[in-house]
Amino acid sequence: GDLTLEGIALERDTYQAYNYYRSAAELNDLLGMVRLGECYERGYHVEESARKAFTWYERATNGGSTEGMAQLGRCYLNGTGVMQNSKLALEWYGKAAEANNLSAMRFLGEALISGNGMRSNAKQGVEWLKRAAEFGDREAYLQLGFAHMDGSVREDLRAAAEYFMQAAERGSEEGMYHIANCLKDGVGIRKDPQKAYEWYKLAAERDHLESLNQLAVCYSSGTGVDRNPKKAFELFSKASNQGHMQA
């Protein structure tokens, strides 16, 4: 199912992915239940239904799936398919996070830092993000970068740049984009336009739209690369065709 949904080794086919997930779920495969819930939540070849998504997450949770627990926590936090309940959100996130579920650690960390749907506790939120990062969650590194960049914890631009670099080196396109911004402007790290250009280029090659637009800016202004108005125009046009509003 994952291979057909993401188009990895096989042609992307949401219909076939949905069928695989449903078959797995009907055989009581817990991950299949979670993936089927995601199909209903996102409308992958079925009519979008938050309630049905919640039901499948709940079934997976009842079977002991920590990923199901994490999704239940998110549903209760946002009121997806169920009445919003921050107490239950915290409870399910906590259970999944204590069982070392990476997405739960990250969701819980983000929610505690932002205070989205629950009482804010930035210090505790950062600890959960750090724990997820220790397990190799690249998105946790990214969120730690944001927390230190915007002062959600305490403003520390050097730490923010380090976290963005960690995310980028682990393959996060958002991390690549943000460390490129830091390198371009010398924020929290020594200014290096050429390395900024390289990170923008790598992220753009992986279809990151903001990086594609910034890559065009680099060619237009000669930032980290020889100025090339023709190339800049080509990339601005490409970004615009893909929906970038400022290209």
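Residues numbered from 1 in each chain as written. Predicted model: local features only at pLDDT ≥ 70, side-chain atom pairs only at ≥ 80, totals over all residues. Heavy atoms only, no water.

Asks: Pulling in residues and values, what's your account of the overall build of the chain?
Replies: Across its full length, the chain holds 14 helices and 0 strands. Ordered by position from the N terminus, the helices and strands of the chain form the series α-α-α-α-α-α-α-α-α-α-α-α-α-α. When its C-alpha atoms are laid out on the principal axes, the chain stretches across 60 × 45 × 30 Å. Counting over 247 residues, the chain shows a buried share of 45%. Counting only contacts in the chain whose residues sit at least 6 apart along the sequence, the fraction spanning at least 24 positions is 40%. Carbon and sulfur atoms provide 45% of the accessible area of the chain, an area that totals close to 12900 Å². (Helix = DSSP H or I, 4+ residues; strand = E, 2+ residues; numbered from the N terminus. Buried < 20%, exposed > 50% of the residue type's maximum accessible area, 1.4 Å probe, protein only. Contact = heavy atoms within 4.5 Å. Areas by Shrake-Rupley, 256 points an atom, 1.4 Å probe, with all protein chains shown as cover.)

Asks: Requested: an account of the environment of Y177, with residues and values cited.
Replies: Relative to the helices and strands, Y177 is located in helix 11 (residues 173-185). For the pair Y177 and K201, spaced 24 residues apart in sequence, the C-alpha to C-alpha distance is 9.3 Å. Excluding anything up to four places from it in sequence, Y177 contacts Y200, H208, E210, S211 and Q214.

Asks: With reference to specific residues and values, describe the nonpolar core.
Replies: The biggest cluster of nonpolar side chains holds 73 residues, and the ones touching the most others in it are M118, I179 and W199. For this core, the element with the most residues is helix 10 (residues 157-169), which contributes 8 residues. With residues near it in sequence (within four places) discarded, I179 still touches A161, F164, M165, A168, I189 and W199. (Core = buried A, V, L, I, M, F, W, Y, C linked by side-chain atoms within 4.5 Å.)

Asks: Go over the packing of aromatic side chains with me, naming the residues and quoting the values.
Replies: Evaluated as defined, the whole model comprises 7 aromatic pairs. Judged by centre distance (5.5 Å) and plane angle (65 degrees), the rings of F146 and F164 are edge-to-face. Of this pair, F146 sits in helix 9 (residues 138-149) while F164 sits in helix 10; the two residues are 18 residues apart in sequence, bridging distant segments of the chain. The exposure class assigned to F164 is buried, which follows from its relative accessible area of 1%. If you follow K95 out to its NZ or CZ, it ends over the ring of W92, 4.4 Å from the centre. The lysine or arginine in question, R106, covers the ring of F107, its NZ or CZ lying 5.5 Å from the ring centre. (Phe/Tyr/Trp six-rings, centres within 6.5 Å; stacked < 30°, edge-to-face > 60°. Lys NZ or Arg CZ within 6 Å of the ring centre and 35° of its normal.)

Asks: Report on the pattern of salt bridges, specifying residues and quantitative values.
Replies: Between side chains of opposite charge, pairing is possible as soon as their charged atoms come close. Using the criterion set out here, one finds 14 salt bridges in the structure. The partner of K95 in a salt bridge is E91, with the nearest N and O atoms 3.4 Å apart. Note that K95 and E91 are positioned in helix 6 (residues 86-98) at a spacing of 4 residues, about one turn of the helix. We note a salt bridge from K201 to E205, for which the minimum N-O separation is 2.7 Å. Highlighted residues: K201 and E205, both in helix 12 (residues 193-205), separated by 4 residues, approximately one helical turn. Salt bridges sharing common partners tie together R106, E110 and D137. (Salt bridge = Lys/Arg side-chain N within 4 Å of Asp/Glu carboxyl O.)

Asks: Provide a residue-level description of empty space enclosed by the protein, including the pertinent values.
Replies: Applying the stated criterion across every chain, the model contains 1 cavity of 30 Å³ or more. Size it by volume and the largest cavity reaches roughly 30 Å³. (1 Å grid on protein atoms, 1.4 Å probe; cavity = no way out; pocket = protein on both sides within 12 Å on 5 of 7 lines; lining within 4 Å. Points joined across faces, edges and corners; volume = space filled by probe spheres on them.)

Asks: Describe helix 7 (residues 102-114), naming the residues involved and giving the relevant values.
Replies: Helix length check: helix 7, at 13 residues, gives a terminal C-alpha distance of 18 Å against a target of 18 Å (1.5 Å per residue), a fit within 8%. What helix 7 keeps buried is the set S103, A104, M105, R106, F107, L108, G109, A111, L112 and I113. Tucked into the core, helix 7 has its buried residues touching helix 5 (66-78), helix 6, helix 8 (122-134) and helix 9. Positive phi shows up at G115, right after helix 7, with a value of about 70 degrees. (Expected span 1.5 Å × (residues − 1).)

Asks: Summarise the packing of helix 9 against helix 10; cite the residues concerned and give the values.
Replies: Running from N to C, helix 9 and helix 10 cross one another at 160 degrees; their axes reach a closest spacing of 8 Å. On the basis of the axis angle, helix 9 is roughly antiparallel to helix 10. Helix 10 is crossed by helix 9, and the crossing has left-handed handedness. In this structure, helix 9 uses R138, Y141, L142, L144, G145, F146, H148 and M149 to contact helix 10, whose residues at the interface are L157, A159, A160, Y163, F164, Q166 and A167. Taken together, the residues of the contact of helix 9 with helix 10 break down into 11 nonpolar, 3 polar and 1 charged. (Axes fitted to C-alpha atoms, helices over the stretch in contact; angles between N-to-C directions. Parallel < 35°, antiparallel > 145°, perpendicular 65-115°, else oblique. Left-handed = near helix turned anticlockwise from the far one by under 90°. Nonpolar A, V, L, I, M, F, W, Y, C, P; charged D, E, K, R; others polar.)

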